[in-house]
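Each chain, letter by letter, is given below.
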Amino acid sequence: MTRIKRGYIARKRRTKIRLFTSSFRGAHSRLTRTITQQKIKALVSANRDRDRKKRGFRGLWIHRINAIIGKNKKKQYNRYSNLLYNMYKGQLLLNRKTVAQMGILKGNCLFMIANEIIT
C-alpha cells in the first residue's frame, strides 16, 4: 500500500496563524496550540481596548470642558452638566470633542455660544 501524505490545507491554515503571531515571544510564536490561543486572546484584547479608548477620550473631553468652564470669571455655568443640558435644551447639538476643542482653541467663542443659549 502506498503512503498517504497529509494535505496542504492544514499547513496553510497554521502558517497563516503563525504569521499573525510571529512577533510574540517564546512558545506563543512557536507551538501550534499556544499560537491559536494567543491569537484569540490578542483579538479579544484588541476589541475590548478599542472600547476602552473611546471611553477614555470621552472622559478627557469632559474634563477639558469642565476645566474651561471653571476658568470663566463670570461663572454663568459652574458645571459641565449644566452647560450641556442647556445646549441640548437650546437644540445646539455639538459633540463633546468639538466643544472641548472649541474651548481650548477659542475659549471666548464657547462662552459666546453659552451666553446665546441663556438668552
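Cut-off values and rules
Residues numbered from 1 in each chain as written. Predicted model: local features only at pLDDT ≥ 70, side-chain atom pairs only at ≥ 80, totals over all residues. Heavy atoms only, no water. UniProt positions renumbered as here; feature names shortened; annotations may be inferred. Core = buried A, V, L, I, M, F, W, Y, C linked by side-chain atoms within 4.5 Å. Buried < 20%, exposed > 50% of the residue type's maximum accessible area, 1.4 Å probe, protein only. Helix = DSSP H or I, 4+ residues; strand = E, 2+ residues; numbered from the N terminus. Contact = heavy atoms within 4.5 Å. Patch = residues over 30% accessible without salt bridge, like charges linked within 9 Å, V, L, I, M, F, W, Y side chains within 5 Å. Areas by Shrake-Rupley, 256 points an atom, 1.4 Å probe, with all protein chains shown as cover. Salt bridge = Lys/Arg side-chain N within 4 Å of Asp/Glu carboxyl O. Lys, Arg positive; Asp, Glu negative; His and termini not counted. Charge placed at Lys NZ, Arg CZ, Asp CG, Glu CD.

As annotated in an unreviewed UniProt entry, the chain carries the name Large ribosomal subunit protein bL20c and is attributed to Arachis pintoi. As its UniProt record puts it under Subcellular location (unreviewed entry), the chain is described as follows: "Plastid, Chloroplast". Its UniProt record gives the chain a comment under Function (unreviewed entry), which states: "Binds directly to 23S ribosomal RNA and is necessary for the in vitro assembly process of the 50S ribosomal subunit. It is not involved in the protein synthesizing functions of that subunit."

Turning our attention to the nonpolar core. Among the nonpolar cores identified, the biggest contains 13 residues, and I65, I69, Y80, L83, M87, V99 and L110 are the most heavily contacted of them. Within the residue set of this core, elements represented by two or more residues are α2 (32–71), α3 (80–89), α4 (96–105) and α5 (107–118). At 4 residues, the largest contribution of residues to this core is made by α3. Those residues in contact with V99 that lie beyond four places of it in its chain are I65, M87, L94 and L110.

Now for a positive patch on the surface. Together, R3, K5, R6, R11, R13, R14 and R18 make up a region of like positive charge exposed at the surface. Tracing the chain through its elements places R3 in the segment before α1 (9–20). Accessibility expressed as a relative area gives 72% for R3, which makes it exposed.

Moving on, we get to unusual backbone geometry. Although it is not a glycine, Q91 sits at a positive phi angle of roughly 60 degrees. By the secondary structure assignment, Q91 is in the loop between α3 and α4.

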